[in-house]
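# Close look at the chain arrangement
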Amino acid sequence: MATRVMGVLNVTPDSFSDGGRWTDPERALDRGLAMVAEGADVIDVGGESTRPGAEPVSDAEQCRRVLPVVEALAPQVRVSVDTRSAAVAEAAIEAGATLVNDVSASLWRVAADAGSRVGWVAMHMQGEPATMQVDPRYGDVVSEVQAFLVARARAAREAGVGEVWIDPGIGFGKTLAHNLALLAHLGDLVATGLPVLVGASRKGFLGALLGGAAVDDRLEGSLATAVWSARQGVGMVRVHDVAATVDAMRLVGDLTRAGSRG
Ligand code: HH2
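A short tour of the structure in this document, coming up. Just so we're clear, the structure is a prediction, and the values are computed from it rather than from any experiment.

Each pair of packed helices can be described by the angle between their axes along with the distance between the axes. Two elements in contact, helix H1 (residues 25–38) and helix H2 (residues 59–73), have axes separated by 9 Å at closest approach and are oriented at 40°. Taken together, the axis directions place H1 and H2 in an arrangement best described as oblique. Read as a crossing pair, H1 and H2 show a hand that is right-handed. Of the residues in H2, those touching H1 at Pro25, Ala28, Leu29, Gly32 and Leu33 are Pro68, Val69, Ala72 and Leu73. Grouping the amino acids of the contact of H1 with H2 by side-chain chemistry returns 8 nonpolar, 1 polar and no charged.

Now for unusual backbone geometry. Unusually for a residue other than glycine, Ala105 sits at a positive phi of about 50°. Here Ala105 lies in the loop between strand E4 (99–102) and helix H4 (108–114). Located in the positive-phi region is Arg202, a residue other than glycine, with phi close to 60°. Along the chain, Arg202 turns up in the loop between strand E7 (197–198) and helix H8 (204–209). Taking relative accessible area as the criterion, Arg202 reaches 11% and is therefore assigned buried.

Rules used throughout
Residues numbered from 1 in each chain as written. Predicted model: local features only at pLDDT ≥ 70, side-chain atom pairs only at ≥ 80, totals over all residues. Heavy atoms only, no water. Axes fitted to C-alpha atoms, helices over the stretch in contact; angles between N-to-C directions. Helix = DSSP H or I, 4+ residues; strand = E, 2+ residues; numbered from the N terminus. Parallel < 35°, antiparallel > 145°, perpendicular 65-115°, else oblique. Left-handed = near helix turned anticlockwise from the far one by under 90°. Contact = heavy atoms within 4.5 Å. Nonpolar A, V, L, I, M, F, W, Y, C, P; charged D, E, K, R; others polar. Buried < 20%, exposed > 50% of the residue type's maximum accessible area, 1.4 Å probe, protein only.

Here is the structure:
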């Protein structure tokens, strides 16, 4: 199946890449619809930055930021809500979101209670955003992340969630080496049989690999990682640059088909 594209829409003043650009609900709606026109399958609306060092945002403030945008977009496209708060996830579902994108991997009961139309993304994070990049350590990052995600997915399935995604959480309590190891072994996550989501777009490790590129100068790395992920069998990529990602993935898909002799 073709890899789907989740477009990032941060309705925050401080997200690491698009912070402050879409805080006005009208502009956020326009941005969301533009990403749909570019080929996004899902729009991921978030009201709390989880970049390294970020402090938590109250439920009330997250709701104030995301609910008008979720409500306006939901009739036009599938909407996910990017939150660690059960109350915010519940309110967003009420407003029309059908996917809970949960970087804390703890909110599966919210999805279960909402019934079969609502799915859940379990993302791996070591620690909390405020301190997660201080000194992340693993024995074997690939097997530890995989074991964690499979266990959370099993709990969600047992609670009755029909659609469960797993995400290695690139940049969430991980060094450059950890991120590279996880990306190199995406096939292991895919082999679990659970659909895999990867969010590497514009992240810091790409800046490091691209010789210190600033956040807006990481397109090459973002595209390369999205195409790599798609080729490993990942089911969805979470990206800021939707049009370029769709083009790059389509091109490599065409190449692959043209090259197969079977
Ligand atoms: N990354 C970010 C936020 N949410 N969700 C999933 N499932 N996977 C990710 O890799 C992921 C995520 C961080 O990126 P961004 O939303 O662009 O920035 P910020 O956290 O500063 O709002």
